[in-house]
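Read off the chains here:
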Amino acid sequence: MLKVENLHAGYGGAEVLNGVNLEVKAGTVVALIGANGAGKTTTMRAISGMVRPSKGRVLVEDLPVEGLAASRIARLGLAHSPEGRKVFGPLSVEDNLLLGAYRHLPHFLGFRSKAAADLKKVYDLFPRLEERREQLSGTLSGGEQQMLAIGRALMAQPKVVLLDEPSMGLAPVIVQEVFSIIRRLKEAGITLLLVEQFAKSALEVADYAYVMERGKIAVAGTPEELRKDERVLAAYLG
Amino acid sequence: MDTSVIIQIVVSGAFMGLVYALVAYGFQLTFATSKTINFGQGELVMLSAFFSLTLTRLGAPYWLMVPGGLLFGALLGLFVERAAVRLALEQKSEGWILLTIILGLLGFSSAENIWGRDDHPFPTPISSDPIHVVGVDITPLEISVAVGVLGIMGLIELFKRRTLLGKAFEAVSADRDAAELMGISSTRTVMLSYALSGAVAALAGILVAPITTVGPTMASALILKAFSVAVVAGLESGFGVVVVGLFLGGLENLASLYLGSGWREAPGLLLLILALALRPNGIFGKASIRKV
Amino acid sequence: MKRFLLIRGAELVAFLLLAAVPLAVTNPFALGLLTLLAIYGILLIGLDVTVGYLGQVNLAQAAFLGIGAYTAGLLVMKLGVGLLPSLAGAFLLCLVLGSLLALPALRLEGPQFALATLSFLALTTTVLNEWESLTKGAEGLQLNRPPLFDITLNAPGFYWLCLVLLALVWMGMRNLLSSQWGRAFEALRDSPIATDAMGVGTYRHKVIAFAFGSALGGLAGGLYAFNFQYLQPQSFVYELMVILLLGVVLGGRKSLWGACVGAALIVLLPNLLSNRNLFQIFSVIGLVVALGAGTRAWLKKSVRPFQVIAPVAAMGLLALGSFLVSNTEDWRKAIFALMLFAVVVGLPEGLMGWAAGALARLFRVAAAPLPPATDLDLVLPMQALSGHTLLELRDLKRHFGGVKAVDGVSITVRSGHIHGLIGPNGSGKSTAVNVISGLYAPTAGDILLDGKALPRGSLFSVAGAGIARTFQNLQLFGELTALDNVMVALRDTYRTPWPLVLLGLARKEEKQAQAAALALLQLVGLGDQALSKAKDLTYGAQRFLEIARALARKPRLLILDEPAAGLAHPDAVELVKIIKRVHGRGVTMILIEHHMDVVSELCDTVTVLDGGRIIAEGDPEIVKRDPKVVEAYLGAMAAEAPAVDTGASTAPAAA
């Protein structure tokens, strides 16, 4: 579904990615783990077009998208829930969700009725969002904002979802909740690329995982294989 | 002085204030999406008024001239966005301030040479014979200003709240990057905001022209007061510009009554500088958070 | 020395040539233009302070020209004041008005600043027009040029006076710009947050710069009044302002030469417009230049297509117009607009900026050698390790909307300790130090330094209290050299009062500052890269430079915000060494870090945050085994990868 080949990218001359290769097959959850500054978030940003890759290819369903504007890539069905959640603070919860479906809803009128089914799915997954549908999203707690960010990504009926550090800044109890949500997404057959600092938990939900170091994929394998890998074990799963 | 005269003067000033509010609203539209405003917006008001005048002279009826003028304003807005704003936005520089000033000057000079330096009357089917309402004289022309200003602002607000495209507009102003990730093109949204802002300015020109007449300098005082209204109210609140616009319109008529007509611009200018000193984000604005 | 002499020599020759003109040319018209050139030179140097150095669009300079002109004129006509005192009066009044305007206007940047200055300009025109009892309004003010010390000045005499004043302004400005002031102006444009955090009051510097530039406008105004001897409010309106901006931008920003070249252009421009043939020639030359420069840039692919097409289109329109339109005078504003548009888009660095680049390639002159580094004991004195409480946070909170980034944190930092602050991404570490260092005001709670309440919500005041910091996302002054970056932050070094700085009497102090900064650069291992621009340093070196810069504050408490983030392995090892060296000098530190092993190795105490609250605190070895930490942080996330190998732990080898 998503394929990345020899991806290079960086900010203002400083290369952060030096040739990343990875693949996410349809219906699987793939985890991307690694140290801070290894380039996980940059990989996500380069895939979704937030950063223009200097070299390499990004294929969404065999369609090359590298170099396109982020909004174009999003319209092709790649939903990126960014680091730091980035909900639209001055807008209500429901408006945030509706905007998530921007790529397939009519832009003027009648969008509400078309979105009803998707909204219901998201509200079933996050009942708390339904309780707060009229509330401005900027006043939600950190955990609720994260749920909104995930819900917003799902509204797009995406082919692939990129989830960047969904547990960031959340209290441990909420982090567990986030992971149980990810498990439910997996059961629902969503194709997911997950960046996480909680490596162990990430490996528990993932079908396959990549370990990044200094802008490259250092190790790759199924969670079982990685858990047997001495170096990964020592470094990330201690 | 007789109180009824003073009230009369404040009320007719307030109608004028609605026009400032409308132009200030145009600043808010572009500021929301791109954090930029068109410093040459006054010239845009003036050029649209001239264009509408030409349409009328060519025989276009009022109901055709108004949309024609709005369309012209929208096109000018798009031109400003393309020529002066987009590059600066891409380079994250503040070159747009200078470039919009320059385009304004170009527009001013073009108008001077195309339509001449003189002021022309602007024909309108709406009467300027006063009607007596609760002790105050109001002309249908003034009512048309109020209806036009509040009408288009209401329409745009309705668009922002009731259509998905309008919500996308608000999403871009809240967080450009996140909006891009939803598939909303920020470039197109900025273009849309400039087109709307241009149309709004054109309407301001059409509404005010029968009162002030049309000439190259018709908007040079108006625009300063629109700036004041935008800064005093803050660049976020549509409700705020209306309140401040009404207030400033009344205030400046009082200033011109008590201090002499040459001083009528002074209150707005002072208010602007004071507002920056006391509430830099405007009375109706929110404080921003610095990030590292 | 060679570079110094070359530049000074060029300046001297230029001024001598200008001074000699009246001896050879007696044409009063030419002399009038030269006088105006000198006056506009002063005006534009003043305008360049805000437009060039502060990088703000300033629309008030025409107003200061007018205020200065009327002040000087009225002083002479109403009070019979002499020539020099009335010029001084114009200068001082504009200095005061400039400060008054700058105090509110410079609190915000960009459009709001431009609007405030635009309002000031309009307000000034209104006052000049309406205060008829004083200014005679639109009718205009007639005045006589007073004698200079009983000498009646004829045209060449007045020209020489203007030229001398221009030379003085030029010299003063150059001395000021090559002192700590000029460095601060440059620095605050690159990162206003960092200048504040380094105790260089961003706002204060901006106000002073603007007021000084406005005062130069006032001085130019005084000369303007005595030159024309007739004043009208219409002379000082928006149109003049646009022309002045054209002068600064076309001449080249941030350059004394540029300001004077710009002045020459705007003096000549009206004459150019009145001669149609000349104008045609110039516009065609302009088109050719735009085409040539555009083609070159196109081939190098260094710019966006718009930057090539737009200037060519503008100049093409100008050239076309010059042949189609007969009344060029009527189209004056459009002509200015097209030229300015082409320059702003296509040649943003201006004529002198472009020429300076070309000259620097032609004459490669070595920079002056650096003095030997000062003894580190003088720059960063040893601090005694007393172990008493230095910093205390009591129930500190900072909320953003519904997000409780810091939610009730109490920490005690002891003098001489390295206090670690760890926790997952977004746990509130950075927000906590941003509150301590004054970037954010706390929502609730107290911060005490040595038992005294620390200023809240002001980077500048907190820096003054003795706290220095580095930034997770680098906040270097990219356009300055590494040495200058450190010199900006030096504390207790610049003592020469500003009048002496203007006279160029601060060179010794400057050398001492260089020596001190060099010592700090050597401490972090950057001694041999002192003259590289900060933005050209490697990423690791930039991180170290931030530490050196913070140390220049002689801090009582140094906050290091994720200094190892993104560092490659060898750099991270070097970082640990640097921190140990700094600690060896008795500097107390708060260290935000992700890597537990770095924290274990360096820190005396560590506080673990999660979700904005403290979940554990104490000795790193004990905290590491704290069940709460293991469960909530280390266990769940399985210890971050030690991308930093400090020798003790085993790093994963890259596959």
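Bear in mind that the values here come from a model prediction, so they are computed numbers and not experimental data.

J.: Mind showing me how you'd approach the overall build of chain B here?
T.: The number of helices and strands found in chain B is 11 helices and 2 strands. Along chain B, helices and strands appear, N-terminal first, in the series α-α-α-α-β-β-α-α-α-α-α-α-α. Computed over its C-alpha atoms, the radius of gyration of chain B comes to 19 Å, within 12% of the 19 Å expected for a compact globule of 292 residues. Based on the C-alpha atoms only, the size of chain B along its principal axes is roughly 60 × 45 × 35 Å. Sorting the 292 residues of chain B into buried and exposed places 59% on the buried side. Contacts spanning at least 24 positions in sequence make up 74% of the contacts within chain B whose residues lie at least 6 apart. As displayed, chain B has an accessible area near 11300 Å², and 67% of this comes from carbon and sulfur atoms. Across chain B, the 18 positively charged side chains and the 19 negatively charged ones have centroids separated by 10 Å.

J.: When you look at unusual backbone geometry in this model, what are you seeing that I'm missing?
T.: With the exception of glycine, most residues fall at negative phi, and the peptide bonds are largely trans. Residues and elements named next belong to chain C. Of note in this structure, Gln-229 is not a glycine but carries a positive phi near 60 degrees. Positionally, Gln-229 belongs in the loop between α10 (202–228) and β2 (230–231). You can call Gln-229 partly exposed: its relative accessible area is 24%.

J.: In this structure, what is going on with empty space enclosed by the protein? I would like to understand it.
T.: Any empty space left between atoms is shown by rolling a water-sized probe over those atoms. Across all of its chains, the model carries 5 cavities of 30 Å³ or more by this definition. The calculated volume of the largest cavity comes to roughly 70 Å³. Forming the walls of the largest cavity are Ala-74, Leu-78, Ala-79, His-80, Gly-100, Arg-103, Arg-152, Ala-153 and Ala-156 of chain A together with Leu-181, Met-182 and Gly-183 of chain B. For the lining of the largest cavity, the secondary structure elements donating two or more residues are β6 (78–81) and α6 (142–155) of chain A. It is β6 of chain A that provides the largest number of residues to the lining of the largest cavity, a total of 3 residues. Its residues assigned to classes, the lining of the largest cavity shows 7 nonpolar, 3 polar and 2 charged.

J.: How should I be thinking about the domain arrangement of chain C in this particular structure?
T.: A common way to state how big an interface is: give the accessible area lost once the parts meet. Residues and elements named next belong to chain C. Here the domain parsing of chain C yields domain 1 (37–236) and domain 2 (376–637). Measuring from the centre of the C-alpha atoms in domain 1 to the corresponding centre in domain 2 gives 41 Å. Contacts between the two partners involve 23 residues from domain 1 and, on the opposite side, 28 residues from domain 2. Overall, the association of domain 1 and domain 2 removes approximately 2200 Å² of surface from exposure, summing both partners, and the carbon and sulfur fraction of that is 68%. One can count 1 salt bridge joining domain 1 with domain 2. Where Arg-183 meets Glu-510, a salt bridge forms, and the shortest distance between an N and an O atom there is 2.6 Å. At the boundary of domain 1 with domain 2, the tally comes to 7 residue pairs in polar contact (both at pLDDT 80 or more). For the side of domain 1 that touches domain 2, the secondary-structure elements that each account for two or more residues are α7 (155–177), α8 (180–190) and α9 (192–197). When residues of the side of domain 1 that touches domain 2 are assigned to their parent elements, the largest contribution, 6 residues, is made by α8.

J.: Looking at this model, I keep getting lost on the layout of surface pockets. Mind explaining?
T.: All names here are of chain C. Approximately 1400 Å³ is the volume attributed to the second largest pocket. It is helix α5 (residues 110–130) that provides the largest number of residues to the lining of the second largest pocket, a total of 7 residues. Each residue belonging to the lining of the second largest pocket can be placed in one class, and the counts come to 30 nonpolar, 11 polar and 7 charged.

J.: How do you make sense of the side chain of Thr-493 of chain C when you look at a structure like this?
T.: Residues and elements named next belong to chain C. By the secondary structure assignment, Thr-493 is in the loop between α20 (482–489) and α21 (498–502). Among the polar contacts listed, one links the side chain of Thr-493 to the backbone oxygen of Arg-491, at a separation of 3.0 Å. When sequence neighbours within four positions are dropped, the list of residues in contact with Thr-493 reads Glu-509 and Ala-513.

J.: Before we go on, may I ask you to explain the interface of chain B and chain C in this structure?
T.: At the interface, 44 residues of chain B touch 52 residues of chain C. Of the roughly 4400 Å² buried between chain B and chain C on both sides combined, carbon and sulfur atoms contribute 75%. The tally of links from chain B across to chain C stands at 3 salt bridges. Between Lys-333 of chain C and Glu-112 of chain B there is a salt bridge, with its nearest N and O atoms 3.4 Å apart. Our count for the chain B to chain C interface comes out at 5 residue pairs in polar contact (both at pLDDT 80 or more). Broken down by secondary-structure element, the contributors of at least two residues to the side of chain B that touches chain C are α3 (62–90), α4 (95–115), α9 (220–233) and α11 (266–278) of chain B.

J.: What is the right way to look at helix α3 (residues 93–100) of chain A in this model?
T.: Three or four residues apart is the spacing at which side chains of an α-helix point the same way, because the helix has 3.6 residues per turn. Most of α3 of chain A sits inside the fold, with 8 of its 8 residues counted as buried. The elements touched by buried residues of α3 of chain A are α4 (111–125), α5 (127–131) and α6 of chain A together with α6 (164–174) of chain B.

J.: Would you explain the sheet that holds strand β12 (residues 613–618) of chain C in this entry?
T.: Either a parallel or an antiparallel arrangement is found when strands of a sheet pair, and the pairing is made through backbone hydrogen bonds. Residues and elements named next belong to chain C. Pairing within the open sheet is mixed, and its 6 strands lie in the order β8-β9-β10-β5-β11-β12. The open sheet has two free edges, formed respectively by β8 (467–469) and β12, since each of these has just one partner strand. Strand-to-strand twist in this sheet, taken as the mean axis angle between neighbours without regard to direction, amounts to 20 degrees. In this structure, strand β5 (residues 418–422) lies alongside strand β10 (residues 588–592), joined through 4 bridges in parallel fashion. For Leu-421, the partnering residue across the bridge sits in β10 and is Ile-592. Relative to the sheet, helix α24 (residues 569–584) contacts β5, β9 (557–561) and β10, its axis offset from that of β10 by approximately 155 degrees.

J.: Could you clarify how one ought to interpret the pattern of salt bridges in this entry?
T.: A side chain with one charge can pair with a side chain of the opposite charge if their charged atoms come near. The full count for this structure, using the stated rule, is 40 salt bridges over all chains. A salt bridge links Glu-144 of chain A to Arg-132 of chain A; its shortest N-O distance comes to 3.2 Å. Of this pair, Glu-144 of chain A sits in helix α6 while Arg-132 of chain A sits in the loop between α5 and α6; the two residues are 12 residues apart in sequence, bridging distant segments of the chain. In this structure, Glu-562 of chain C engages Lys-429 of chain C in a salt bridge whose closest nitrogen and oxygen atoms are separated by 4.0 Å.

J.: Would you mind going over the packing of aromatic side chains with me for this structure?
T.: Here a ring pair, both rings aromatic, is described through the centre-centre distance and the interplanar angle of the planes. Residue and element names in this part refer to chain C. One pass over the structure, following the stated rule, counts 16 aromatic pairs over all chains. Where Phe-15 meets Trp-170, the ring centres are 5.6 Å apart and the plane angle is 90 degrees; that geometry is what we call edge-to-face. Separated by 155 residues along the polypeptide, Phe-15 in helix α1 (residues 2–24) and Trp-170 in helix α7 bring together distant segments of the chain. Trp-170 carries the same exposure label as Phe-15, and that label is buried.

J.: How should I be thinking about the sheet that holds strand β8 (residues 192–195) of chain A in this particular structure?
T.: All names here are of chain A. Read from one edge to the other, the open sheet built from 6 strands follows the order β6-β7-β8-β3-β9-β10, with strand pairing classed as mixed. With partners counted over all chains shown, the strands left at the sheet margins are β6 and β10 (216–221), one partner each. Looking at each pair of strands side by side, their axes are set apart by 20 degrees on average, direction ignored. By the bridge criterion, 4 bridges tie β6 to strand β7 (residues 160–164) in an arrangement that is parallel. Within the sheet, the bridge partner assigned to Leu-78 lies in β7 and is Val-160.

J.: When you look at the state of the cysteines in this model, what are you seeing that I'm missing?
T.: Where two cysteines share a covalent bond between their sulfur atoms, that bond is called a disulfide. Residue and element names in this part refer to chain C. Counted according to the given criterion, the structure contains 0 disulfides over all chains. In this model Cys-94 remains outside any disulfide bridge; the closest cysteine sulfur is found in Cys-162, 16 Å from its own. Cys-260 supplies the cysteine sulfur nearest to Cys-162, a cysteine that is in no disulfide, at a spacing of 13 Å. Here Cys-162 falls in the buried class, since its relative accessible area comes to 0%.

J.: Help me out: how do you make sense of a nonpolar patch on the surface in this one?
T.: Residues and elements named next belong to chain B. A contiguous nonpolar patch, built from Ile-131, Val-133, Val-134, Ile-143 and Val-147 and spanning about 450 Å² of accessible area, is present on the exposed surface. Listing elements by their share of the nonpolar patch, those giving two or more residues are β1 (131–133) and α5 (140–162). Residue placement: Val-134 occurs in the loop between β1 and β2 (136–138). For Val-134, a relative accessible area of 81% gives the class exposed.

What counts, and where the lines are drawn
Residues numbered from 1 in each chain as written. Chains lettered and ligands numbered in written order. Predicted model: local features only at pLDDT ≥ 70, side-chain atom pairs only at ≥ 80, totals over all residues. Heavy atoms only, no water. Helix = DSSP H or I, 4+ residues; strand = E, 2+ residues; numbered from the N terminus. Rg over C-alpha atoms; globule rule 2.2 N^0.38 Å. Buried < 20%, exposed > 50% of the residue type's maximum accessible area, 1.4 Å probe, protein only. Contact = heavy atoms within 4.5 Å. Areas by Shrake-Rupley, 256 points an atom, 1.4 Å probe, with all protein chains shown as cover. Lys, Arg positive; Asp, Glu negative; His and termini not counted. Charge placed at Lys NZ, Arg CZ, Asp CG, Glu CD. 1 Å grid on protein atoms, 1.4 Å probe; cavity = no way out; pocket = protein on both sides within 12 Å on 5 of 7 lines; lining within 4 Å. Points joined across faces, edges and corners; volume = space filled by probe spheres on them. Nonpolar A, V, L, I, M, F, W, Y, C, P; charged D, E, K, R; others polar. Domains from an automatic or database assignment. Buried area = accessible area lost by both parts, 1.4 Å probe. Salt bridge = Lys/Arg side-chain N within 4 Å of Asp/Glu carboxyl O. Polar contact = N/O pair within 3.5 Å; in protein donor to acceptor, adjacent residues only side chain to side chain. Pairing = 2+ DSSP bridges. Axes fitted to C-alpha atoms, helices over the stretch in contact; angles between N-to-C directions. Phe/Tyr/Trp six-rings, centres within 6.5 Å; stacked < 30°, edge-to-face > 60°. Disulfide = S-S within 2.5 Å. Patch = residues over 30% accessible without salt bridge, like charges linked within 9 Å, V, L, I, M, F, W, Y side chains within 5 Å.

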